[in-house]
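Below, each chain spelled out in residue letters.
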Amino acid sequence: MTIVGGFDVHRQQITFDYVDTDTGRVRWGQIRPATRHTLRAWLGEHCPGGDAEIAVEGCTGWRYVVEELTAAGATAHLADPAETAGLRGPKKRAKTDRADARLLRTLLLEGRLPRSWIPPEQVLEVRTLGRLYCALMDERRAWQQRIHAQLFHQGCPPITALLTVAGRDGLARAELSVAGRQYVDTALRTIDSLTVEIDALRAQLVSFAHRQPGCRALQAAHYGVGWLCAAIIWAEIGDARRFRSSDQVVRFAGLDITVYSSDGKRSPGHLSRQGSPELRWVAFEAARCASRRGSPDYAYYHKVADVLDGKRPALAVERKLLRRCYHTLRELGDVAMAPVMEREVA
């Protein structure tokens, strides 16, 4: 028996809709609860030989579903959520989980499923660590901003560089109320605990980048790309050959300009920001180095700054940098995705 179907994945259940291509029989239902163990049992009952092709949208939860499908010998197809929604067409009836699963099955049968790349396990692991690093950095930055707000609220002069010894000394001398002092001390303890996690995670990512050929190539070829940035860029871009051009990488990072025009009217463009925020962050961090005299983009950076009156000159360098990283990884081919031993990742 060969089955072709679609999975609509939710936290509580997975709604399935598949057709037996031998008999033409259509079956649908729900897999409850939506866990790896339950899905494994369902696959063992419905496609024990692994003779199945299943489509699933690339939303939260797709990873374990794809892993279990692959382990069972079935073929998993990851669908792009936005393009899949576009292919749904005008809404003529109520949108249900079964309708979503049926749409995925129909698109797969008709060969119209908008496929997304399924990263190998090592890319997923490093990507998860990179996103955790960025999340912790955002959290630490938020606590620093809370301290600045509390200082201003209590009429204290601004104190910069809160993570330095001078910054801590300034906070210790700040004239705060009893509750304000407790607020700042609690924030500092939270920052210190986050710093411990951030430093350990940075060391882990840097250690991986030193051993991975694609990361080494990025670090060696591009000014401003350090070991940490190389690891995150490598994990977020993945196999560069999945993009048809470097413009798609820029669009994937959300650094493309959206434009709406009709007849003679045209709205001003702005960044789409529809993509990987982690890739945008590392591109910005690396592009800031273009302001240094040793950078090969030093003249270009300041030329753009003069044209734009100093408004975000790094943005143009970010796009150039991502395009260069794309070509570097693409030219390496399979070597760019070479696996690193698990003990070396840790």
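Residues numbered from 1 in each chain as written. Predicted model: local features only at pLDDT ≥ 70, side-chain atom pairs only at ≥ 80, totals over all residues. Heavy atoms only, no water.

## Looking at the overall build of the chain
Applied cut-off: For helices the rule is a DSSP run of H or I covering at least 4 residues; for strands it is a run of E covering at least 2, with both sets numbered from the N terminus onward. Burial status follows relative accessibility: with a 1.4 Å probe on protein chains alone, a residue under 20% of its type maximum counts as buried, one over 50% as exposed, and anything between as partly exposed. Note on contacts: a residue pair is in contact if any heavy atoms of the two residues lie within 4.5 Å. Under the convention used here, a 1.4 Å probe and the Shrake-Rupley method define accessible areas, while residue burial counts only the protein chains that appear. Counted as positive: Lys and Arg. Counted as negative: Asp and Glu. His and the chain ends are not counted at all. For the purpose of locating charges, the reference atoms are NZ of Lys, CZ of Arg, CG of Asp and CD of Glu.
Scanning the chain for helices and strands turns up 14 helices and 9 strands. Across the 346 residues in the chain, those meeting the buried criterion constitute 45%. In the chain, of all internal contacts separated by at least 6 residues, the share reaching a separation of at least 24 is 58%. Roughly 18,900 Å² of accessible area belongs to the chain as shown, and the carbon and sulfur atoms make up 52% of that amount. Taking the average place of the 49 positive charges on the side chains of the chain and the average place of its 40 negative ones, the gap between the two points comes to 4 Å.

## Observations regarding the domain arrangement of the chain
Rules: Residue ranges assigned to the domains are those given by an automatic or database domain assignment.
Assigned domains within the chain: domain 1 (3-110), domain 2 (121-211) and domain 3 (220-337). Placing a centre on the C-alpha atoms of domain 1 and another on those of domain 2 gives a separation of 42 Å.

## Overview of the packing of aromatic side chains
Applicable threshold: Centre distance within 6.5 Å is the pairing criterion for rings of Phe, Tyr and Trp, where only the six-membered ring of Trp is used; planes under 30 degrees apart are then read as stacked, over 60 as edge-to-face, and the remainder as tilted.
Applying the stated criterion across every chain yields a total of 7 aromatic pairs. Look at Tyr18 and Trp42: their rings are 6.1 Å apart centre to centre, the planes differ by 75°, and that puts the pair in the edge-to-face class. Of this pair, Tyr18 sits in strand 2 (residues 14-20) while Trp42 sits in helix 1 (residues 36-46), and the two are 24 residues apart along the sequence. Judged by its relative accessible area of 8%, Trp42 is buried. When the centroid spacing of 5.2 Å and the interplanar angle of 50° are considered together, the rings of Phe208 and Trp234 count as tilted. Pair noted here: Phe208 is in helix 7 (residues 178-211) and Trp234 is in helix 9 (residues 227-237), with a separation of 26 residues, a long-range link. Trp234 shares its class with Phe208; the two are buried.

## Remarks on the nonpolar core
Inclusion rule: The set of buried Ala, Val, Leu, Ile, Met, Phe, Trp, Tyr and Cys residues whose side-chain atoms join them within 4.5 Å is what this entry labels a nonpolar core.
Membership of the largest hydrophobic core comes to 59 residues, with the highest contact counts inside it found for Trp234 and Ile237. Here this core gets 11 residues from one element, more than from any other, and that element is helix 7. No fewer than three residues from each of domain 2 (121-211) and domain 3 (220-337) sit in this core. Setting aside chain neighbours within four positions, we find Trp234 in contact with Val123, Val126, Phe208, Gln212, Gly214, Cys215, Leu218, Leu329, Ala336 and Met337. Listed in part, the 24 residues of the second largest apolar core include Phe7, Phe16, Ala74 and Ala76.

## Details of the packing of helix 7 against helix 8 (residues 213-221)
Definition in use: What counts as an axis is a line fitted to C-alpha atoms, over the stretch in contact for a helix, and the angles between N-to-C directions run from 0 to 180 degrees. For classification, angles of less than 35 degrees are called roughly parallel, those exceeding 145 degrees roughly antiparallel, those between 65 and 115 degrees roughly perpendicular, and all remaining angles oblique. Gly is placed with the polar residues, together with every amino acid not listed as nonpolar (Ala, Val, Leu, Ile, Met, Phe, Trp, Tyr, Cys and Pro) or charged (Asp, Glu, Lys and Arg).
Relative orientation of the contacting elements helix 7 and helix 8 amounts to 95°, with a least axis distance of 5 Å. Comparing their axes, helix 8 and helix 7 come out roughly perpendicular. Between helix 7, through Phe208, Ala209, His210 and Arg211, and helix 8, the contact on the second element is made entirely by Pro213, Cys215 and Arg216. Split into classes, the residues belonging to the contact of helix 7 with helix 8 amount to 4 nonpolar, 1 polar and 2 charged.

## Here's the deal with the pattern of salt bridges
Condition: We count a salt bridge whenever a side-chain nitrogen from Lys or Arg sits within 4 Å of a carboxyl oxygen from Asp or Glu.
Following the criterion strictly, the structure yields 18 salt bridges and no others. Bridged by salt links that share partners, the residues Arg36, Arg40, Arg63, Glu67, Glu68 and Glu125 form one connected network.

## Side note on the packing of helix 1 against helix 2 (residues 62-71)
Two packed helices can be described by the angle between their axes and the distance between those axes. Stated formally: The handedness criterion is simple: a crossing whose near helix is rotated anticlockwise from the far helix by less than a right angle is left-handed, and one whose near helix is rotated clockwise is right-handed.
Where helix 1 meets helix 2, the closest approach of the two axes is 10 Å, and the angle between their N-to-C directions is 35°. In this structure, helix 1 crosses over helix 2, and the sense of that crossing is right-handed. Across the interface between the two elements, Arg36, Leu39, Arg40 and Leu43 of helix 1 pack against Tyr64, Val65, Glu67, Glu68 and Leu69 of helix 2. Residue composition of the contact of helix 1 with helix 2, grouped by class: 5 nonpolar, no polar and 4 charged.

## Thoughts on unusual backbone geometry
Most peptide bonds take the trans configuration, and most residues that are not glycine carry a negative phi. Following Arg32, the chain continues into Pro33 via a peptide bond in cis, with omega recorded as -15°. Positive phi values are uncommon outside glycine, yet Ala161 reaches one of about 55°. Backbone geometry at Arg273 places phi at a positive 55°, although glycine is not the residue there. Residue placement: Arg273 occurs in the loop between strand 9 (270-271) and helix 11 (277-287). Overall, the relative accessible area of 51% leaves Arg273 in the exposed class.

## Comments concerning the sheet that holds strand 4 (residues 52-57)
The pairing of strands in a sheet comes from backbone hydrogen bonds and takes either a parallel or an antiparallel form. Heads up, the rule is: Should DSSP find at least two bridges between two strands, the strands are taken to pair.
Ordered in space as 3-2-1-4-5, the 5 strands form an open sheet in which the pairing is mixed. Where the open sheet ends on each side, the last strands, each with one partner, are strand 3 (26-31) and strand 5 (75-79). Ignoring strand direction, the axes of neighbouring strands in this sheet form an average angle of 20°. Here strand 2 pairs with strand 3 via 6 bridges, running antiparallel. Note that in strand 3 the partner of Thr15 across the bridge is Gln30.

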